[in-house]
Amino acid sequence: RPTRPGRRALPVLLAAGVLLAIHWTTFFVAVKIGGIAIATLGFASFPAFINLFEGFLFLERTRASEWAVVILVSAGLPLITPSFDFGDQATIGLGWAVASGLSFALFTLANRKAVGLMPARELACWENGVVALLTLPWCLTEFADLRILDWVWLLMLGVFCTPLSHALLVASLARLKARTAGIVISL
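Residues numbered from 1 in each chain as written. Predicted model: local features only at pLDDT ≥ 70, side-chain atom pairs only at ≥ 80, totals over all residues. Heavy atoms only, no water.

A closer look at the overall build of the protein
Thought 1: In terms of regular secondary structure, the protein is built from eight helices and zero strands.
Thought 2: The helix and strand sequence of the protein, counted from the amino end, reads α-α-α-α-α-α-α-α.
Thought 3: Its C-alpha radius of gyration of 17 Å places the protein within 12% of the 16 Å reference for a compact globule of 187 residues.
Thought 4: Principal-axis analysis of the C-alpha atoms places the extent of the protein at approximately 50 × 45 × 25 Å.
Thought 5: Taken over 187 residues, the protein has a buried fraction of 37%.
Thought 6: Across the protein, the fraction of contacts at a sequence separation of at least 24, relative to all contacts at a separation of at least 6, is 78%.
Thought 7: Put simply, the protein has 14 plus and 10 minus side-chain charges, and the middle of one group is 15 Å from the middle of the other. (Helix = DSSP H or I, 4+ residues; strand = E, 2+ residues; numbered from the N terminus. Rg over C-alpha atoms; globule rule 2.2 N^0.38 Å. Buried < 20%, exposed > 50% of the residue type's maximum accessible area, 1.4 Å probe, protein only. Contact = heavy atoms within 4.5 Å. Lys, Arg positive; Asp, Glu negative; His and termini not counted. Charge placed at Lys NZ, Arg CZ, Asp CG, Glu CD.)

Quick look at the environment of serine 83
Thought 1: Here serine 83 lies in the loop between α4 (64–80) and α5 (89–114).
Thought 2: Here the alpha-carbon distance between serine 83 and phenylalanine 53, two residues 30 residues apart in the chain, equals 29 Å.
Thought 3: Residues in contact with serine 83, not counting those within four places in the same chain, are Asp88 and Thr91.

A closer look at the environment of valine 152
Thought 1: As for its position among the elements, valine 152 is in helix α7 (residues 148–172).
Thought 2: Taking the C-alpha atoms as reference, valine 152 lies 34 Å from isoleucine 50; in sequence the two are 102 residues apart.

Examining the packing of helix α3 (residues 46–57) against helix α8 (residues 178–186)
Thought 1: In contact at an axis separation of 9 Å, α3 and α8 are set at 180° when each is read in the N-to-C sense. Judged on the interaxial angle alone, α8 and α3 are roughly antiparallel. Facing α3, whose interface residues are Phe46, Pro47, Ile50, Asn51, Glu54 and Gly55, α8 presents Ala178, Arg179, Gly182, Ile183, Ile185 and Ser186.
Thought 2: Considering only residue class, the contact of α3 with α8 consists of six nonpolar, four polar and two charged. (Axes fitted to C-alpha atoms, helices over the stretch in contact; angles between N-to-C directions. Parallel < 35°, antiparallel > 145°, perpendicular 65-115°, else oblique. Nonpolar A, V, L, I, M, F, W, Y, C, P; charged D, E, K, R; others polar.)

Quick look at the nonpolar core
Thought 1: The biggest cluster of nonpolar side chains holds 36 residues, and the ones touching the most others in it are Phe46, Ile50, Phe104, Phe107 and Leu123.
Thought 2: Counting only elements with at least two residues in this core, the list comes to α1 (9–34), α2 (36–43), α3, α5, α6 (120–139), α7 and α8.
Thought 3: Top element by residues in this core is α5. It accounts for ten residues.
Thought 4: Not counting residues within four places of it along the chain, the set of residues in contact with isoleucine 50 comprises Ala105, Thr108, Leu109, Ala178, Arg179 and Gly182. (Core = buried A, V, L, I, M, F, W, Y, C linked by side-chain atoms within 4.5 Å.)

Looking at the packing of aromatic side chains
Thought 1: Applying the stated criterion to the full structure yields seven aromatic pairs.
Thought 2: Seen in terms of ring centroids, phenylalanine 46 and phenylalanine 104 are 4.9 Å apart; in terms of plane orientation they differ by 85°. Their pairing is edge-to-face. Taken together, the residues span a long stretch of sequence, with phenylalanine 46 in helix α3 and phenylalanine 104 in helix α5 at a distance of 58 residues. Comparing phenylalanine 46 with phenylalanine 104 shows no difference in burial state: the two are buried.
Thought 3: Measuring from centroid to centroid gives 5.4 Å for phenylalanine 143 and tryptophan 151, while their planes differ by 45°, and the two rings are tilted.
Thought 4: Overall, the relative accessible area of 39% leaves tryptophan 151 in the partly exposed class.
Thought 5: One aromatic cluster is present, formed by Phe27, Phe28, Phe43, Phe46, Phe104 and Phe107 through successive ring pairs. (Phe/Tyr/Trp six-rings, centres within 6.5 Å; stacked < 30°, edge-to-face > 60°.)

Now the structure itself:
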């Protein structure tokens, strides 16, 4: 039986849920505008954002090599699009993808903060509940148009793929820095 989040866990869970909803929304907008390749490569910038914020938020020293990664990622992002022009769909999609990477990095750091407050599986459950509450109003009108096969794929995605990877990420943060988890996810 899931436990209720305590006073210390609740704000972190809410923040993480909002960040996860932002991440998913911005990622799918990036896919729609820029395509899957641009969206995936732009999202892959999230370890650089973790490097930027983890040391500051957790009062840890950031090594020079980690700053070098941030610089390399920043320099490489404009090379992803065919033409780095803000009138180009690929560049706009890249912007959404980088926003997705930023929100996922902050989500990961929020989970590193929360992992000591509740079991990982319960954290993931509560956070996904927040996402469902935030996104459901925009999805309700789409449900009528879904076919049976769409429901099967949504069930697979919603029961097996997303919760499993989410719970494993949160559990890993009990022993790993978010930087390490981010690099493993990127690989």
